Amino acid sequence: MTHLEDPAVIGSFTIQGRLGRGAMGAVYLARSPGGRLVAVKVVRDELAGDAAFRARFAREIEAARKVGGAFTAAVVDADPDAEHPWLATEYLPGPTLQKAIDTSGPLTPGGVQSLAGGLAEALMAIHASGLIHRDLKPSNIVLTDNGPRVIDFGIARALEEASLTATGVVVGTPGYLSPEQITGTVIGSPSDVFALGAVLVFTASGRGPFAHGNPASLLHRVVHEQPHIPPLPNPLQDVVRRCLARDPAERPTPQELLQVLGSPASPALLSPPAETIPYPLPPTKLLPARPAQPQPLQPQALQPQSAQPQPGQPRPAQPTGAAFTTSRTRPAIIAGITTVLFLAFIQRDPQMQAQHPATTAFFGIVDLIFLYFAIRSWRLVLRRRVVLRLSPQGLRVERGYKQGMIPWDGVTRLRVGGDVRRPWLIAWLEAPYQSTLPAPKRRHHGGIRIYPIAHGATVNRRIRQVDELRAALNWYAGHLHDNSY
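These numbers come from a predicted model, not from an experiment.

J.: Describe the overall build of the chain, listing the residues and the values that go with them.
T.: Counting its regular elements, the chain contains 14 helices and 18 strands. Buried residues in the chain amount to 47% of all 485 residues. Partitioning the intrachain contacts of the chain with sequence separation of at least 6 by distance along the chain shows that 62% fall at a separation of at least 24. Put simply, the chain shows about 24600 Å² of open surface, and 56% of that area lies on carbon and sulfur atoms.

J.: Requested: an account of the sheet that holds strand S1 (residues 9–10), with residues and values cited.
T.: In space, the six strands of this open sheet follow the order S1-S2-S3-S4-S6-S5, with antiparallel pairing throughout. Only two strands of the sheet have a single neighbouring strand rather than two, namely S1 and strand S5 (75–79). When S1 meets strand S2 (residues 13–21), the two strands line up antiparallel, connected through two bridges. Across the sheet, Val9 pairs through a bridge with Thr14, a residue of S2.

J.: Go over the environment of Gly400 with me, naming the residues and quoting the values.
T.: Its place among the elements puts Gly400 in the loop between strand S12 (394–399) and strand S13 (402–407). C-alpha separation for the pair Gly400 and Pro438, spaced 38 residues apart in sequence, amounts to 8.9 Å. Ignoring any residue separated from it by four or fewer positions in sequence, one finds Gly400 in contact with Arg384 and Arg385.

J.: Give me the pairing of strand S7 (residues 141–144): which residues, what numbers.
T.: Burial along S7 is two-sided: the face carrying Ile141 and Leu143 and the face carrying Val142 and Thr144 are both buried. Two elements, S7 and strand S8 (residues 147–150), share four bridges in a ladder whose sense is antiparallel. The partner of Val142 across the bridge, within S8, is Arg149. As consecutive antiparallel partners, S7 and S8 are separated by two residues.

J.: Before we move on, can you summarise the nonpolar core with the specific residues and values?
T.: Ranked by internal contacts, the top residues of the largest apolar core, which has 54 residues, are Leu115 and Ile141. Per element, the largest residue contribution to this core is ten residues, and it comes from helix H7 (residues 189–205). Among the nonpolar cores identified, the runner-up in size contains 34 residues, and Leu219, Leu425, Ile453 and Leu473 belong to it.

J.: An account of H7 is requested, with residue identities and associated values reported.
T.: The end-to-end C-alpha distance of H7, which contains 17 residues, comes to 25 Å, matching closely the 24 Å that a straight helix rising 1.5 Å per residue would cover. Where H7 terminates, the next one or two residues include Gly206, which has phi positive at roughly 85°.

J.: An account of the sheet that holds strand S17 (residues 447–452) is requested, with residue identities and associated values reported.
T.: The mixed open sheet is built from five strands, whose spatial order is S16-S17-S15-S14-S18. Of all the strands in the sheet, the pair left with one neighbour each is strand S16 (443–444) and strand S18 (481–482). Across four bridges, the pairing between strand S15 (residues 423–429) and S17 is antiparallel. Across the sheet, residue Trp424 finds its bridge partner in S17, namely Pro452.

J.: Describe helix H8 (residues 215–224), and please don't skip the residues or the numbers.
T.: With nine of ten residues buried, H8 lies mostly within the body of the structure. Looking at H8, one finds that the buried residues are Pro215, Ala216, Ser217, Leu218, Leu219, His220, Arg221, Val222 and Val223. For H8, the secondary structure elements touched by its buried residues are helix H6 (179–183), H7, strand S10 (322–325) and helix H14 (459–477).

J.: Break down unusual backbone geometry for me, with residues and values.
T.: Geometrically, the link from Asn234 to Pro235 is a cis peptide bond, its omega value of 5° lying close to zero. Positionally, Pro235 belongs in the loop between H8 and helix H9 (236–243). At Arg134, a residue that is not glycine, the phi angle is positive and equals roughly 75°. For Arg134, a relative accessible area of 9% gives the class buried.

J.: A description of the packing of helix H3 (residues 97–104) against H7 should follow, citing residues and the corresponding values.
T.: Two measures define how a pair of helices packs: the angle their axes make with one another and the distance between the axes. Put simply, H3 and H7 touch, their axes get as near as 9 Å, and they point 25° apart. Between H3 and H7, the interaxial angle falls into the category roughly parallel. The handedness of the crossing between H3 and H7 comes out as left-handed. When H3 is examined against H7, the residues Leu97, Gln98, Ile101 and Asp102 are found in contact with a partner set consisting of Val199, Phe202 and Thr203.

J.: Can you break down the confidence of the model for the chain residue by residue, with the values?
T.: Residue-level pLDDT values for the chain average 78, and 78% of them are 70 or greater. Least confident of the elements in the chain is strand S9 (residues 305–306), whose mean pLDDT is 38; most confident is H7, at 95. Predicted confidence for residues 162–170 stays below pLDDT 50, and this span has 22 contacts to residues more than four positions away or in other chains. Low pLDDT, under 50, characterises residues 272–319; the predicted model gives this stretch 57 contacts beyond four residues in sequence or across chains.

J.: Which residues make up the pattern of salt bridges, and what values go with them?
T.: Considering all chains together, one arrives at nine salt bridges under this definition. The salt bridge involving Glu90 is made with Arg149; its shortest N-O contact spans 2.9 Å. Taken together, the residues span a long stretch of sequence, with Glu90 in strand S6 (residues 86–90) and Arg149 in strand S8 at a distance of 59 residues. The partly exposed category is assigned to Glu90, whose relative accessible area is 29%.

J.: Report on the environment of Ile365, specifying residues and quantitative values.
T.: Secondary-structure assignment places Ile365 in helix H13 (residues 357–382). For Ile365, a relative accessible area of 53% translates into the label exposed. Spatially, the C-alpha atom of Ile365 lies 9.7 Å from that of Phe345, the residues being 20 residues apart in sequence.

J.: Describe the packing of aromatic side chains, naming the residues involved and giving the relevant values.
T.: One pass over the structure, following the stated rule, counts four aromatic pairs. Between Phe13 and Trp86, the ring centres sit 5.9 Å apart and the planes meet at 80°, which makes this aromatic pair edge-to-face. Of this pair, Phe13 sits in strand S2 while Trp86 sits in strand S6, placing them 73 residues apart in sequence. By the burial criterion, Phe13 is buried, and Trp86 matches it. With 5.2 Å between their ring centres and 75° between their planes, Tyr372 and Phe373 make a pair best called edge-to-face. Taking the relative accessible area as the measure of exposure, Tyr372 reaches 48% and is therefore partly exposed.

What counts, and where the lines are drawn
- Residues numbered from 1 in each chain as written.
- Predicted model: local features only at pLDDT ≥ 70, side-chain atom pairs only at ≥ 80, totals over all residues.
- Heavy atoms only, no water.
- Helix = DSSP H or I, 4+ residues; strand = E, 2+ residues; numbered from the N terminus.
- Buried < 20%, exposed > 50% of the residue type's maximum accessible area, 1.4 Å probe, protein only.
- Contact = heavy atoms within 4.5 Å.
- Areas by Shrake-Rupley, 256 points an atom, 1.4 Å probe, with all protein chains shown as cover.
- Pairing = 2+ DSSP bridges.
- Core = buried A, V, L, I, M, F, W, Y, C linked by side-chain atoms within 4.5 Å.
- Expected span 1.5 Å × (residues − 1).
- Axes fitted to C-alpha atoms, helices over the stretch in contact; angles between N-to-C directions.
- Parallel < 35°, antiparallel > 145°, perpendicular 65-115°, else oblique.
- Left-handed = near helix turned anticlockwise from the far one by under 90°.
- pLDDT = per-residue confidence, 0-100.
- Salt bridge = Lys/Arg side-chain N within 4 Å of Asp/Glu carboxyl O.
- Phe/Tyr/Trp six-rings, centres within 6.5 Å; stacked < 30°, edge-to-face > 60°.

Written out as structure tokens, the structure reads:
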């Protein structure tokens, strides 16, 4: 697929088409002057202007050149000093592991063991060169006729240490990140081994060891819950279990994995049927000349958006990211029960009240207690539902028929605060955005209470939602999240 804004030439390579786009930028299929196919990764504009990223990118390129090409995509050429820094690697014709599993289903135990051996060798080569992959996942593994090959090693570290990461750029993939990557502790080669274990679970079952869902839920499960490992023959079962150990010291090294697994099976076990995954090369004609620079769009005024689109207008795309919603199920049940009990305990017999004043007083007190809880629960039931969405672009709050969106650069601080039994997400916003969100007018030390966290829910659910919300805040806006509570 080609795009009008794509370049026709990068360095000495002629662009044939776009292969995809990732956190670093666009990836193109290109031809060298001698006709060889290469994959060229071009840094996007925001990162190209970051001096810290350029320096780290240059160092990672030099380290990546030392990695043996038998298990990875070898570096062909690079220019970290170009206007848009780029990196050209060997083009590997073949499906990614993600594509193979999505198309043909999980591999057999023999295929999983063969993949484990090939990836262990690849990690040995990467680690021996002083690199840590940091983002090993099925879409970064290409299945070739000569075994699995690992791509994009070293790029995650360059992204991680760039200053742009502090403004919402996500590095890594939830479900394959190790606990130490999530909590921000020391990251080393055991982090790649943890990702390898997660990849093997996906290969054997078609799903990761921590299921699926929004990033906040996945990050919470990785840190606090045990992985789900499908039944596998030994020694593969024990290898996967050890790779997914929460403590990095308990994970095996790639060398130990090879010793336990023995000689890998034939790489043919990894190759899906050719007829199920056709991979024709993109067209080889040159891209059209770049059009004239379009005029920039005029920015729109910030204001709460209407929830219902006008007739004839296309519906807006559904927002992505982590979503949190207030629930009224439990308050509704409590409200119904306490209302029934309140009505049942009302004393209607005047003669009984006169003959038994103590009993009447007791029932009156009990009735007032039920009335209090009924009113309190009905208030929660009648309150408009609130939806909080966090994404790489910013935060969105939907309250009834109103909604508002604020980018991260309009937020100065985020904190979970208030009563422990009734916590709130509190946001400190830049002046132009303070009236944008449909939130209560109640303030908290200069901040705005924008989302009630599991009010009226059970203690366990409230604790879980607080943990998941904190994980999402660390993931999307770690530089803004005040984690004290």
